[in-house]
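# An overview of the molecular structure
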Amino acid sequence: MSVIKIKDLTKVYNGSQVPVHAVNGISLEIKQGEFAAVVGPSGSGKTTFLNMLGGLDDPTSGSIEIDNQLLSNLTSSQRIKFRLENIGFIFQAYNLIPVLTAKENVEFIMELQKVSKAERNKRSLELLEAVGIPDKANVRPNQLSGGQQQRVAVARALASKPKFILADEPTANLDSKSTETLLDIMERLNKEENITFIFSTHDARVVNKAHRIITIEDGLIKSDESRI
Amino acid sequence: MNVFKLAWRNLWRNKRRTLITVSSIFFGVIFSSFMGSSQAGGYTKMIDNVVKFYSGFFQLQNEDYWDEKSINNSFELTDSLKSILDAYDELTNKVPRLEDFALASYETYTRGAIIVGTEPEKENQVTEIAEKIVEGEYLKTGDDGIIIGVDLAKGLKISVGDTLVLLGQGYHGVSAAGKFPVRGLIKHFNPEYNRRIVYMDLATCQYFYSANNLLTSLVVMVEDNKTMEAILPALKEELSSPHVLKSWQEMFPALVQQIESDRSTALIMKVMLYIVIGFGIFGTIMMMMAERKHEFGVMVAIGMSKQRLALTVVIETILMGMVGVAAGLLGSFPVVGYFYQNPIPLTGQAADWMQDLGFEPFMFFAWDISVFMDQVLAVFVMTLLISILPLVKLLRMHENTALHQ
């Protein structure tokens, strides 16, 4: 069953001289439990595509339907709430809240969802355990390595029990070992918990782990290859 | 992680910057408290001087007396008047006075004098004039002597024990003449009083002016100004012509105007001070907003509502102000407290000027909660106003744009 249905998606930036067609008519469907990589050279439109998929940017035309909900029908505040309940984000630069500890960063999302304190406490510890850093619960991001921070980011993205997770170049700032560990964690979560992952990447190691590879060039899908 | 905790932690992310901003509030609050306290202390002392030296909080008079200060505009304190006044427990003291003018003469010297007939003990409870006796002794009830201002004594070249001749016009044109032994000399802060004043026992004065049982005023004391304002309207309602009650403000409108005008000037100064401090806080907040734009974008991207995010920043701004105020108040208490206990003595022209106005030559301070609460309120309002721009910016923020900052 498709979680995400995208039809004729375009995004045109009206620059000072000529309009830039960042996304030029993408249509695709993503099913529950997929582990998909969106690849392509710089400027191909993959980040714009992911931003629209995450409701962070509006398409110029076309539609995105997530779990039977058209994103274009939502107001700005409804879209924030929709993201909170349906989408987990993992950013290239981790983007943890620096004044919160690892555990508090994970709990933060649940607090926004008004989850009870006891439940937040239990689930945040479970998630930190799942990403392999239970001992770092009370440590602030500036005392964590890049790999550890990204693991906290994964735990945070999972905290809201989203329908899918969008990861924008999640391994770009990580060394080989950290990349390997992070990919193992994401793959395990995908297999065991059937969580859908969609990530943009340049990293061949990430591409090798992906079950589906969507290649974008000049704002269009050049290839869509399944490896299962 | 509630918004308060988040705001508090954010406040201390850049400790140095926060401390600099807090310091500006700290010094502003101390300066403003010092200024406010000195101002309030000055007014309190001014009012106190007026009330305790002469007028009381209010006076019962004949309705024509204040405009035409003649012994002919006197009144009798009847039983019905007494019963009206006695019904108010708030009245702490009532001092009957008979006042008029007379010529004071000793040997070949003559001066104009203000004659105040009063009940010595009650008068002393209000004006504490016994403490101002510099030579001789204070009057006793039924005394046939007088006490006079030191400069009047100097002008007449009269000493304690000598006899002063007073000559004036009594009630309804009767001649008033008498000889009175000088019991003591009084030195007041008001030089005009020192040159003119003659105190005598009320009964002696009534006899001198042939004004038996008559008073020109009944000076009434209450606990404070607030009490007076609370009871005066009702009391006025109960009195009828020709009796009126005049508050100290009605008797000295110039003083009230002076205080009001002084308050306005001080308010302008305080507003300017807080505007300067406000711009400091504003700068800090705008810098913080610019630095954290990306972070704000992330927070909204992962699901934090813009309203909640804006609330966090507003609380952060208010917290910064309140930390500054709290520190400023802690700093103000000992400073203001010290000067409240030890008023600053004025010297030179400033002292002369104060004395000419009849006030003690000191810079007085008030220990009044409202002085400190004013600072809390001012900073709170200021930080609320400062929060408006970040609030608007956050509500209008586009998360995707912010994420790419």
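Please refer to the structure placed before this passage.
Being a predicted model, the structure only gives us computed values, none of them experimental.

Definitions and cut-offs
Each chain has its residues counted from 1, following the order in which its sequence is written. Chain letters start at A and ligand numbers start at 1, both assigned in the order the entries are written. Given that the model is predicted, a residue must reach a pLDDT of at least 70 before its local features are reported, and side-chain atom pairs must reach 80 or more before they are shown or counted; all residues, however, enter totals for whole chains, interfaces and linings. Heavy atoms throughout the structure, all of them, feed into the side-chain values; hydrogens and water do not. For helices the rule is a DSSP run of H or I covering at least 4 residues; for strands it is a run of E covering at least 2, with both sets numbered from the N terminus onward. Taken over C-alpha atoms, the radius of gyration is set against a globule rule of 2.2 Å times the number of residues to the power 0.38. Under the scheme applied here, a residue whose accessible area is under 20% of the maximum for its type counts as buried, over 50% as exposed, and between as partly exposed, the area being computed with a 1.4 Å probe on protein chains only. Using a 1.4 Å probe, accessible areas were evaluated by the Shrake-Rupley method; residue-level cover was limited to the displayed protein chains. Lines fitted to C-alpha atoms define the axes here, with helix axes fitted over just the stretch in contact, and angles between the N-to-C directions of these axes take values from 0 to 180 degrees. The scheme is simple: roughly parallel for angles under 35 degrees, roughly antiparallel for over 145, roughly perpendicular for 65 to 115, oblique for anything else. The handedness criterion is simple: a crossing whose near helix is rotated anticlockwise from the far helix by less than a right angle is left-handed, and one whose near helix is rotated clockwise is right-handed. By definition in these notes, contact holds between two residues if any of their heavy atoms fall within 4.5 Å. Each residue receives one of three labels: charged for Asp, Glu, Lys and Arg, nonpolar for Ala, Val, Leu, Ile, Met, Phe, Trp, Tyr, Cys and Pro, and polar for the others, Gly being one of them. Only buried Ala, Val, Leu, Ile, Met, Phe, Trp, Tyr and Cys residues count toward a nonpolar core, and they belong to the same one when joined by side-chain atoms within 4.5 Å. Strands were regarded as paired on the criterion that DSSP finds at least two bridges between them. By salt bridge we mean one thing: a side-chain nitrogen of Lys or Arg within 4 Å of a carboxyl oxygen of Asp or Glu. The term buried area refers to how much accessible surface (probe radius 1.4 Å) is lost by two components on association, counted for both of them together. Definition of a polar contact: a pair of N or O atoms within 3.5 Å, with one able to donate and the other able to accept a hydrogen when the atoms are protein atoms, and with sequence-neighbouring residues admitted only if both atoms are side-chain atoms. Patch membership requires over 30% relative accessible area and the absence of a salt bridge. Like charges are linked within 9 Å, and nonpolar side chains (Val, Leu, Ile, Met, Phe, Trp, Tyr) within 5 Å. Comment: arc refers to directions from the helix axis out to C-beta atoms.

A tally of regular secondary structure across chain A gives seven helices and 10 strands. The C-alpha atoms of chain A give a radius of gyration of 17 Å, which matches the 17 Å a tight globule of 228 residues would have. Each principal axis of the C-alpha atoms in chain A carries an extent, and together these give about 50 × 40 × 40 Å. Burial status across chain A gives 56% buried among its 228 residues. By element, 46% of the accessible surface of chain A is carried by carbon and sulfur atoms, the whole surface being about 9900 Å².

Let us now look at the packing of helix 2 (residues 15-55) of chain B against helix 14 (residues 369-396) of chain B. Residue and element names in this part refer to chain B. It is at 9 Å that the axes of helix 2 and helix 14 come closest, and there the two elements cross at 140°. Taken together, helix 2 and helix 14 sit at an angle that is classed as oblique. With respect to the hand of their crossing, helix 2 and helix 14 are arranged in right-handed fashion. The residues of helix 14 that touch helix 2, namely those facing I25, V29, S32, S33, G36, S37 and A40, are V371, F372, Q375 and V379. Looking at the contact of helix 2 with helix 14 residue by residue, the class counts come to six nonpolar, five polar and no charged.

Below, the discussion takes up the nonpolar core. Within the largest apolar cluster, 112 residues are counted, with the highest numbers of intra-cluster contacts made by F49(A) and L53(A). The greatest single-element share of this core, amounting to 10 residues, is contributed by helix 12 (residues 306-341) of chain B. With near-sequence residues (within four places) excluded, F49(A) lies in contact with I6(A), L9(A), V23(A), I26(A), L28(A), V38(A) and I216(A). Counting 61 residues, the second largest nonpolar core, distinct from the first, contains I148(B), I158(B), F180(B) and V220(B).

Let us now look at the sheet that holds strand 4 (residues 61-66) of chain A. All names here are of chain A. Spatial strand order, 2-1-4-5: four strands in an open sheet with antiparallel pairing. The two strands at the open ends of the sheet, each matched to only one other strand, are strand 2 (19-31) and strand 5 (69-70). Relative to strand 2, strand 1 (residues 2-14) runs antiparallel, the two being bridged by 10 bridges. Within the sheet, the bridge partner assigned to Y13 lies in strand 2 and is V20. Packing of helix 1 (residues 46-53) onto the sheet brings it into contact with strand 1, strand 2 and strand 4, and relative to strand 1 it is tilted by some 125°.

Residues and elements named next belong to chain A. Here we have six strands laid out as an open sheet, ordered 6-7-8-3-9-10, and mixed in their pairing. Of all the strands in the sheet, the pair left with one neighbour each is strand 6 (87-90) and strand 10 (220-226). Averaged over all pairs of adjacent strands, the angle between their axes in this sheet comes to 15°, without regard to strand direction. In the sheet, strand 7 (residues 164-168) pairs with strand 8 (residues 196-201) via five bridges, with the strands oriented parallel. Bridge pairing in strand 8 links I165 to F197. The strands touched by helix 5 (residues 146-159) within the sheet are strand 6 and strand 7, with strand 6 carrying the most contacts at an inclination of about 170°.

This part is about the pattern of salt bridges. This structure, assessed with the given rule, holds 32 salt bridges over all chains. The salt bridge involving E111(A) is made with R308(B); its shortest N-O contact spans 3.4 Å. In this pair, E111(A) is assigned in helix 3 (residues 102-112) and R308(B) in helix 12, connecting two distinct chains. On the basis of relative accessible area, R308(B) is assigned to the partly exposed category, the value being 24%. Here the salt bridges share partners, and the residues they tie into one network are E180(A), D184(A), E187(A) and K209(A).

All names here are of chain B. With respect to the secondary-structure elements, F362 resides in strand 14 (residues 362-363). Judged by relative accessible area, F362 falls into the partly exposed class, the value being 30%. Each C-alpha atom of the pair F362 and P345 lies 4.4 Å from the other, and the pair is 17 residues apart in sequence.

Once that is clear, we can look at the interface of chain A and chain B. With 24 residues of chain A in contact, the opposing surface of chain B contributes 23 residues. Summed over both partners, the interface of chain A with chain B comes to about 2100 Å²; 59% of that surface belongs to carbon and sulfur atoms. Put simply, chain A and chain B have three salt bridges between them. In this structure, the connection of chain A to chain B is made through nine residue pairs in polar contact (both at pLDDT 80 or more). For the side of chain A that touches chain B, the elements supplying multiple residues, two or more each, are helix 1, helix 2 (76-86) and helix 3 of chain A. A class-by-class count of the residues in the side of chain A that touches chain B yields 12 nonpolar, five polar and seven charged.

On to helix 3 of chain A. Burial within helix 3 of chain A is extensive, with 11 of its 11 residues counted as buried. Listing the buried residues of helix 3 of chain A in full gives A102(A), K103(A), E104(A), N105(A), V106(A), E107(A), F108(A), I109(A), M110(A), E111(A) and L112(A). Against the buried residues of helix 3 of chain A lie helix 2, helix 4 (117-130) and helix 5 of chain A together with helix 1 (3-11), helix 11 (293-301) and helix 12 of chain B. K114(A) occupies a position one or two residues after helix 3 of chain A and carries a positive phi of about 60°.

A contiguous nonpolar surface patch, about 730 Å² in accessible area, is contributed by L377(B), F380(B), V381(B), L384(B), L385(B), I388(B), L391(B), V392(B) and L395(B). The topology assignment puts L377(B) in helix 14.

Attention shifts here to helix 3 (residues 79-86) of chain B. Residue and element names in this part refer to chain B. Among all positions of helix 3, only L81, I84 and L85 are buried. Looking straight down helix 3, one finds its buried side chains confined to an arc of 95°; they lie on one side. Considering only its buried residues, helix 3 is in contact with strand 1 (58-62), strand 2 (75-76), strand 3 (93-106), strand 11 (217-221), helix 8 (225-238) and strand 12 (243-247).

The next thing to look at is the pairing of strand 11 of chain B. All names here are of chain B. Counting buried residues in strand 11 gives five out of five residues, a clear majority hidden from the surface. With burial as the criterion, each face of strand 11 is covered, one bearing S217, V219 and M221 and the other bearing L218 and V220. As judged from the three bridges shared by strand 1 and strand 11, these two strands associate in the antiparallel manner. Residue pairing in the sheet places Q59 in a bridge with V219 of strand 11. Relative to strand 11, strand 3 runs antiparallel, the two sharing five bridges. Considered in strand 11, the bridge of K94 is made with V220.

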